[in-house]
Amino acid sequence: MFLPSDALAAEIDDRLGGERYAIERFSTETEFLNFVEHHKHYIDCLILQFTSSLPLVVQHLRDRATFLPAVVLATMPTPLHDTEGTQLENLSESLSATTHQMPPLSTSNAFPYTVYHNAEVVVAAEELDLLEAGMENAIAQFLKRAPHSFSSESIPPSQAMVDAEESYHFVATHQHRLAEKLKERLGYLGVYYKRNPENFFRHLSRSEQKKFLEELEYRYREIIINYFAGDDRTVNAKIDEFVNLAFFSDISATQIVELHMNLMDEFSKQLQLEGRSEEILLDYRLTLIDTISHLCEMYRRSIPRESSESD
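A short note on the confidence of the model for the protein chain
Right, on to step 1. For the protein chain, per-residue confidence averages 75 on the pLDDT scale, and residues scoring 70 or more make up 71% of the total.
Right, on to step 2. Of all secondary-structure elements in the protein chain, the lowest mean pLDDT belongs to helix α4 (residues 83-98), at 43, while strand β1 (residues 46-49) reaches the highest, 95.
Right, on to step 3. Scored below 50 in pLDDT, residues 78-110 makes 47 contacts in the model with residues more than four places away or belonging to other chains.
Right, on to step 4. Across residues 307-311, confidence stays below pLDDT 50; counting only partners more than four residues off in sequence or on other chains, it has 1 contact.

This is the structure:
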């Protein structure tokens with residue numbers, strides 16, 4: 001938690017205290033950023049208080065390709081006619097100047113722009129009873145997002161910005177770790193009920209479906225390229241990442257088969273142009289079988305017992 005406010009920190013400690021959470025709270029930017037840098041692979045969720053120093057904090061995280069599930073605690077916008085309103089307006093202008101080119105804080109009741117990344121969840125500092133639900137939603141939104149989309153957001157480049165490949169690797173690895181943690185703690189059934197139907201492929205817009213299929217194809221192509229490279233751990237991790245993405249979007253096994261066939265057709269044409277035999281492509285049926293078996297097993301275990309017993 002990056003919480004400069006002692007009063008807010010004390011209230012959150014009262015709400016989240018107990019055995020369920022392991023909480024680390026920091027009131028200064030330096031301490032917080034040092035901790036995140038050394039423990040980023042083990043952090044489930046960040047809680048960030050919206051203050052004048054937050055822009056520099058999130059810019060530092062983005063510059064180092066550190067994208068994590070996040071809840072932003074903010075005082076919701078109010079009509080800007082008093083001293084507090086003026087302070088909020090100045091804060092929004094400061095944030096706009098140091099991160100995205102964002103508009104000034106509006107007078108609506110909704111938080112007007114992204115602070116850290118587009119998978120973040122904003123919770124009103126006055127409504128901390130929603131914090132736990134906000135944390136769960138932040139993790140769910142983070143798992144939904146394609147890894148490359150974090151680095152491709154409209155963020156001004158900086159000298160310290162790492163390349164997109166490092167960002168992709170960190171986010172994909174962290175998504176896999178969180179999904180595995182959910183499975184260990186809740187079982188497949190718990191993961192199933194954590195899925196949000198609004199994120200299912202069939203409910204996405206056409207443009208969102210197109211982007212999602214491009215992401216699936218990219219990941220499956222990586223699996224194919226690395227399948228016979230000899231590093232089973234890397235391939236299994238990539239298959240798990242692919243299956244998690246397909247599972248949370250409720251993709252059918254038929255669509256995976258279609259994706260495989262389209263890629264094989266593409267590779268076949270390339271081999272023909274190079275005058276090489278296409279027989280090698282038959283071996284990649286193992287890739288499809290392995291991936292489909294992982295996905296089907298995940299779906300099978302996600303079916304409620306009551307439902308399976310009645311069928």
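Observations regarding the environment of Glu 120
Right, on to step 1. Mapped onto the secondary structure, Glu 120 falls in the loop between α4 and β3 (121-124).
Right, on to step 2. Take Glu 120: its relative accessible area is 12%, and that puts it in the buried class.
Right, on to step 3. For the pair Glu 120 and Phe 67, spaced 53 residues apart in sequence, the C-alpha to C-alpha distance is 10.0 Å.
Right, on to step 4. Separated by 2.8 Å, the side chain of Glu 120 and the backbone nitrogen of Val 115 make a polar contact.
Right, on to step 5. A distance of 2.6 Å separates a polar atom in the side chain of Glu 120 from the backbone nitrogen of Tyr 116.

Topic: the pattern of salt bridges
Right, on to step 1. On inspection of all chains with the given rule, the structure shows 11 salt bridges.
Right, on to step 2. With a closest N to O distance of 3.0 Å, Glu 266 and Arg 221 form a salt bridge. Of this pair, Glu 266 sits in helix α10 (residues 253-273) while Arg 221 sits in helix α8 (residues 206-226), placing them 45 residues apart in sequence.
Right, on to step 3. The exposure class assigned to Glu 266 is partly exposed, which follows from its relative accessible area of 37%.
Right, on to step 4. Relative accessible area serves as the criterion here: at 22%, Arg 221 is assigned to the partly exposed category.

Thresholds, definitions, all that
- Residues numbered from 1 in each chain as written.
- Predicted model: local features only at pLDDT ≥ 70, side-chain atom pairs only at ≥ 80, totals over all residues.
- Heavy atoms only, no water.
- pLDDT = per-residue confidence, 0-100.
- Helix = DSSP H or I, 4+ residues; strand = E, 2+ residues; numbered from the N terminus.
- Contact = heavy atoms within 4.5 Å.
- Buried < 20%, exposed > 50% of the residue type's maximum accessible area, 1.4 Å probe, protein only.
- Polar contact = N/O pair within 3.5 Å; in protein donor to acceptor, adjacent residues only side chain to side chain.
- Salt bridge = Lys/Arg side-chain N within 4 Å of Asp/Glu carboxyl O.

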